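# Residue-level structure breakdown
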Amino acid sequence: MLAQLYIKNIAVIQEAAIEFGPAFNVFTGETGAGKTMLISAINGVLGERLSKDIIRTGEEKAYISALFSHIPPAARLQIEEKGYDLPEGELLISRELGARNSCKINGRPATLQILKEIASLLIDIHGQKDSHRLLDPAYHMEYIDSFGGLEEPLSAYQEQYRRTVELRKKLAGLSKNDREKQQRLDLLNYQIQEIQSARLEPGEEEELLALREKIRNSERIVKLAAASKQLVDGGEDLDGISAMAASLGDNLNALAAFLPELKEAAEQVTEFSYLIGDIGSQVSRYLEDMDFDPGALEAAEDRLDTIRTLKRKYGATVEEVLAHLEQCRSQLEDLSFSQEKIQALQEQLSLEIPKLQQLADQLTAQRHKAAREFLSQVKRELEFLNMPSVKLTVSAGRGECRSNGQDELEFLLSTNAGEPPKPLAKTASGGELSRVMLAIKNVLAEKDQVGTAIFDEVDTGVSGKAAQKIGQKLREVSKNRQVICVTHLAPVAAFANTHLYIHKEVEEGRTFTRVDLLEPAQRAKEIARIVSGDNITDTARKNAEEMILLASGVDNGK
C-alpha cells in the first residue's frame, strides 16, 4: 500500500508529507485547493511525464517521493527480479525535477519506463479518462479480456496473426503487378545482353589505352628506335657503340697480360658489349614489328568507346560493370523463379490461415463466455450502486481478422425499465457513467493483485442515495486493498477510515496548500462544510456526525 507521499515545491504545494491509512482514504477540500496537484504528483512519481512548469514559482527544483509498504508477494517478486531489493518490505520511489531530472528506486537510479512498470504492480489509478474510455467501444474488449484472463489465448492468436501477415506481405511482394514485373525482366535481360556482348576482360582498358598511345606516337617511336639502332650498330663512316665496345674489350684484355689490374675492367667492358648487342637486337625486333594496321587505332578507339559507355551506365570501372552483370543475373534468376516461390508461399499460407481462424474462433468463444460472467457481475455492482433497473448487455459481431481477433464488441446499457439497451455514449449520464466505471473497476479488481486503488472524482455527476452507495462500495473494496479517493460528496467522505483535508492559506502574499489529517470532530466539521458551505450550523454538524456514525455501522452490519 501507499504509506506516505512527500511533495515539495509542486505548484501551490510548498511542502507536504501525507500519511495514508491501510483502508479507505479520502481527500476533500475546496475547489482549487490542490487536489488535482496531488493526483498529478502521484502520477509523476509513478512514471508519468511532468513539465517543469509544475515547479513552484521562485523555486529551482521540485521533489516527490512515495513510500510503499505491505507490498503483495507477487509484486514483490517481480520488483526483486528487476534488481531492486526491498529492505523491511518497503519501497521508496522518488523523482526530482529541475536543471537535472532524476528518478530513484530505494536510492538507486531508474528510468521512467522502470517506474511505470513497477507502478503498475503497486497502484491502479482511476480518473476521468477511464470514464471517457467507456464511450469508446475499442476499449470494451480489453475489459473482457482482462476479466477472462485471456492473455494466453490472445497471445497465441497474435503470434499466428503476425506469422500470417508476414506471409501475405512476402506473397504480395512477389505478386506485384505483372506489367511492372515484365518491365523489370525486360530491363534485366537488356542489361545482361549489353554487357555480355561486349565480352569485357579485367585489365583490358589499360592495355587498350597503352596501345592507343603507341599508335598515336608511332612515327616518333620509329625515328627514335632507328636512331638508337644506328648508335648501336654504326654506319658506313662510323663504328657503332657495339663495335667500339668490342674493340675496347680486346685492347683491355691484351693489356691485362701486362697489367693484371686491368683484367676486371676488361671483363666489365666485355659484358657491356654483350649488353649493347642485346639492346640493339631488341630495337631491331621492335622496328620489324612497327608495321601497324591502319585500322588498329580506329579499332582501339571503338573498343574504348564501348567500355566508356558501359562504365557510364553500370560502374566506374570494368570490374564494377562485371559485378553489375552478376547482380542482374541473380535478380533475373530470382524473378524467373518467383512463380515457384509464389506457389510455395501460397501453399504455406493455405496451411496458416485455418490455424489463424481456429485460434480466432477459440478466442471468440472464450470472450463470449467471459463477457456473460463479466456483465453479470457488473450488473450486480450497478444494482448495489442504486441502479436497480439496469440492463447491461454486449453487442457482439465479427469482422476481418485483426491484431486482436475478429470480434467487434460494444457494451449496451439501459437504466430505465422498458427501454432497450443502447451504446453508452447515447444513453449514460455523467453520474451513470461514473458508476458503470466504478462497477467495472471493482469487478476487475478481483482479478489483479494491485495493493492500492486511487479513484479521482469517481463520483462525478452523482448525488443522494447513489453517492452513499458509492461510498459504501469503496469502503467495501478497501477491506481487501487500500483505497484513496478524491471526492466532493459528503456521503462518500463519511465512509472513509482516513480523512485528509486539503486547503489553501495565504502568508506574506504567497499561497500555500496544506494537507491535514482530520480527527473525528474535525471530520464532522468538514463533512458539514461540504453539505452546507462555510456557514456550519449545529444542525449541519449533527447531521454530519450522524452520517459518519451510520457509515461506520456498515462494517458492523447495522
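Structure's up top.
Residues numbered from 1 in each chain as written. Predicted model: local features only at pLDDT ≥ 70, side-chain atom pairs only at ≥ 80, totals over all residues. Heavy atoms only, no water.

## Quick notes on the pairing of strand β14 (residues 498–507)
The condition is simple: At least two bridges found by DSSP between two strands is the condition for calling them paired. Numbering goes from the N terminus for both helices and strands, where a helix is a DSSP run of H or I of at least four residues and a strand is a run of E of at least two.
The pairing of strand β3 (residues 24–29) with β14 spans five bridges and is parallel. Looking across to β14, one finds that F27 is bridged to L500. The pairing of β14 with strand β15 (residues 510–517) spans eight bridges and is antiparallel. The partner of V506 across the bridge, within β15, is T511. Hairpin connection between β14 and β15: a loop of two residues separates the two successive antiparallel strands, and E508 in this loop has a positive phi of roughly 50 degrees.

## Regarding the environment of L5
Here is the rule we go by: Throughout, a contact is declared for two residues whenever any of their heavy atoms are within 4.5 Å.
Checked against the element boundaries, L5 lands in strand β1 (residues 2–10). Setting aside its immediate chain neighbours within four residues, L5 contacts A16, A17, I18, F20, L38, I42, I64, S65 and A66.

## Some remarks on the pairing of β3
The criterion, for reference: Each residue gets one of three labels from its accessible area relative to the maximum for its type: buried under 20%, exposed over 50%, partly exposed in between, using a 1.4 Å probe on protein chains only.
Across the six residues of β3, six count as buried, placing the element largely inside the fold. The alternating pattern of β3 places F24, V26 and T28 on one face and N25, F27 and G29 on the opposite face, and all of these are buried.

## Concerning the pattern of salt bridges
Heads up, the rule is: When a carboxyl oxygen of Asp or Glu is within 4 Å of a side-chain nitrogen of Lys or Arg, the pair counts as a salt bridge.
Per the counting criterion, the structure on display carries 21 salt bridges. A salt bridge links K379 to E383, with the nearest nitrogen and oxygen atoms 2.5 Å apart. On the criterion of helical spacing, the pair formed by K379 and E383 is a turn pair, its members being four residues apart in helix α14 (residues 338–384). The structure contains a network of salt bridges with shared partners spanning D145, R367 and D407.

## Let's talk about the sheet that holds strand β4 (residues 62–68)
Short version of the rule: All axes are obtained by fitting lines to C-alpha atoms, using only the stretch in contact for helices, and the reported angles, taken between N-to-C directions, cover 0 to 180 degrees.
The strand order across the open sheet built from six strands is β2-β1-β4-β5-β6-β7, with neighbouring strands paired in antiparallel fashion. The strands lining the two open edges of the sheet, one partner per strand, are β2 (13–19) and β7 (108–109). Contacts between helix α3 (residues 112–122) and the sheet are confined to β4, β5 (91–97) and β6 (102–105), with β5 contributing the most and set at about 140 degrees to the helix.

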